[in-house]
Amino acid sequence: MLEIEESISLPDDVFRLLRDLIKDYCGMYFDDNSKYILEKRLSKRVKSHQLNDFRDYYRLLLYDKRRDEELSFIVDVLTVNETYFFREMSQLKTLSEEILPELKNTNRESKKIRIWSAGCSTGEEPYTIAMLALEQGFFLGWDVEILGSDINQRVLQHARRGVYRKNSFRTTEEHYIEKYFTYENNFYKINDNVRRLVNFSCLNLLDPFKVKFAGEMDVILCRNVLIYFDLEARKKVIRGFHERLTDGRYLLLGHAESLMNISTAFTLKHFKHDMVYQKPPKLTVAMSPESLEKMVWGNKI
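Cut-offs used in this document
Residues numbered from 1 in each chain as written. Predicted model: local features only at pLDDT ≥ 70, side-chain atom pairs only at ≥ 80, totals over all residues. Heavy atoms only, no water. Core = buried A, V, L, I, M, F, W, Y, C linked by side-chain atoms within 4.5 Å. Buried < 20%, exposed > 50% of the residue type's maximum accessible area, 1.4 Å probe, protein only. Helix = DSSP H or I, 4+ residues; strand = E, 2+ residues; numbered from the N terminus. Polar contact = N/O pair within 3.5 Å; in protein donor to acceptor, adjacent residues only side chain to side chain. Contact = heavy atoms within 4.5 Å. Phe/Tyr/Trp six-rings, centres within 6.5 Å; stacked < 30°, edge-to-face > 60°. Lys NZ or Arg CZ within 6 Å of the ring centre and 35° of its normal. Pairing = 2+ DSSP bridges. Axes fitted to C-alpha atoms, helices over the stretch in contact; angles between N-to-C directions.

Draft legend 1. Fine view of the nonpolar core. The biggest cluster of nonpolar side chains holds 49 residues, and the ones touching the most others in it are W116, L205, F241 and L251. Those elements giving two or more residues to this core turn out to be α1 (12-26), α2 (35-48), α3 (54-63), α4 (67-78), β1 (112-118), β7 (217-222), α11 (231-244) and β8 (245-253). Counting residues in hydrophobic clusters, the runner-up holds 40 residues, among them F85, L95, C120 and Y164.

As structure tokens, then:
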């Protein structure tokens with residue numbers, strides 16, 4: 001007979017304290033209707049620490065020397081890390097068929113491209129981007145760097161191993177599997193020519209210092225991540241992305257996400273396959289000294 005594990009009761013006042021603590025740590029927000037999620041998913045953590053109730057668990061998160069490790073566990077338990085290769089293909093076609101060729105032209109002198117997959121989970125997205133860059137064939141000899149970041153150390157360890165099951169390939173053409181993976185003992189291992197383009201880093205998107213440390217980017221993909229944040233945290237994350245993007249470069253969000261009521265610092269650019277956000281290019285005005293004087297002083301000169 002199947003035994004159903006009972007949850008520990010989460011009082012309303014402790015729920016609000018716990019909710020605010022999680023929001024301050026990583027930006028994830030749970031409204032009053034989502035109390036059952038914390039109650040259900042964190043009951044095991046209370047039991048595993050052999051605590052009496054959620055009030056003791058909250059004290060552990062405030063004062064215990066293991067608090068950082070436990071907060072990391074919470075992120076792991078509360079986020080859905082389900083992803084797969086070549087997810088949301090219309091947007092990826094825009095990246096590979098239009099944005100990458102554009103960058104080949106705009107960055108032809110530096111021969112350098114930097115792309116950030118923010119909230120990369122187990123690594124399928126940054127490796128997908130690396131495969132698309134390799135398929136272009138025109139970045140030979142270029143410095144191509146793809147940064148995959150996540151706040152969850154466990155999924156990053158998986159990403160660094162680069163070993164996947166069949167269910168990560170639900171929309172992947174056989175061509176990519178044969179060319180970029182090695183099949184062994186029912187697992188698929190990413191090949192080194194893809195792996196060497198990708199670096200992984202543990203990064204909290206609400207930490208401005210670490211976000212700044214990511215450096216300048218040509219493209220940022222942050223797909224299906226903002227859904228976990230409240231409005232204030234979304235604005236903070238988007239401001240960080242705006243600061244990291246070079247003028248005229250691109251921000252790709254999930255299809256269910258938009259910048260409405262979050263930021264007016266980006267414009268929507270229509271491509272053949274999809275629409276993506278663009279940090280406006282810096283305007284340069286070429287004007288002769290005579291024209292400038294006339295604009296300032298009118299006919300008084």
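Once you've had a look at it, read on.
Draft legend 2. Main features of the side chain of R19. Relative to the helices and strands, R19 resides in helix α1. Polar side-chain contacts of R19 include one of 3.3 Å to the backbone oxygen of F30. Setting aside chain neighbours within four positions, we find R19 in contact with Y29, F30, D31 and D32.

Draft legend 3. Main features of the packing of aromatic side chains. This structure, assessed with the given rule, holds 15 aromatic pairs. Look at W116 and F241: their rings are 5.4 Å apart centre to centre, the planes differ by 85°, and that puts the pair in the edge-to-face class. With a gap of 125 residues between them, W116 in strand β1 and F241 in helix α11 connect regions that are remote in the sequence. In this structure W116 comes out as buried when scored by relative accessible area, which is 0%. Ring geometry for F169 and F181: centres 4.9 Å apart, planes at 90°, overall edge-to-face. Pair noted here: F169 is in the loop between β3 (163-164) and α8 (174-180) and F181 is in strand β4 (residues 181-184), with a separation of 12 residues, a long-range link. Summarising the burial analysis for this pair, F169 and F181 share the class buried. Through a chain of ring-to-ring contacts, the aromatic side chains of F85, Y127, Y164, F169, F181, Y183, Y188 and F200 assemble into a single cluster. Residue placement shows R45 over the ring face of F73; its charged tip is 4.2 Å from the ring centre. Over the ring of F138 we find K104, and its NZ or CZ is 5.5 Å from the ring centre.

Draft legend 4. Examining the sheet that holds β7 more closely. Taken in spatial order, the seven strands of this open sheet run β6-β2-β1-β7-β8-β10-β9, and their pairing is mixed. With one partner strand each, in any of the chains shown, β6 (198-202) and β9 (267-270) form the two edges of the open sheet. Neighbour-to-neighbour, the strand axes of the sheet open up by a mean angle of 25°, direction not taken into account. Relative to β8, β7 runs parallel, the two being bridged by five bridges. Looking across to β8, one finds that V219 is bridged to Y250. Its contacts with the sheet place helix α5 (residues 89-106) against β1, β7, β8, β9 and β10 (275-278), and it is angled at close to 170° to β8. Strands β1, β2 (143-150), β6 and β7 of the sheet are contacted by helix α6 (residues 124-136), whose axis makes an angle of about 160° with β6.

Draft legend 5. Geometry of the sheet that holds strand β5 (residues 187-190). Taken in spatial order, the three strands line up as β3-β5-β4 in an open sheet, and their pairing is antiparallel. What marks the edges here is a single partner per strand, and that holds for β3 and β4. Sheet analysis places β4 next to β5, joined by four bridges and oriented antiparallel. Among the inter-strand pairings, F181 is bridged to a residue of β5, identified as I190.

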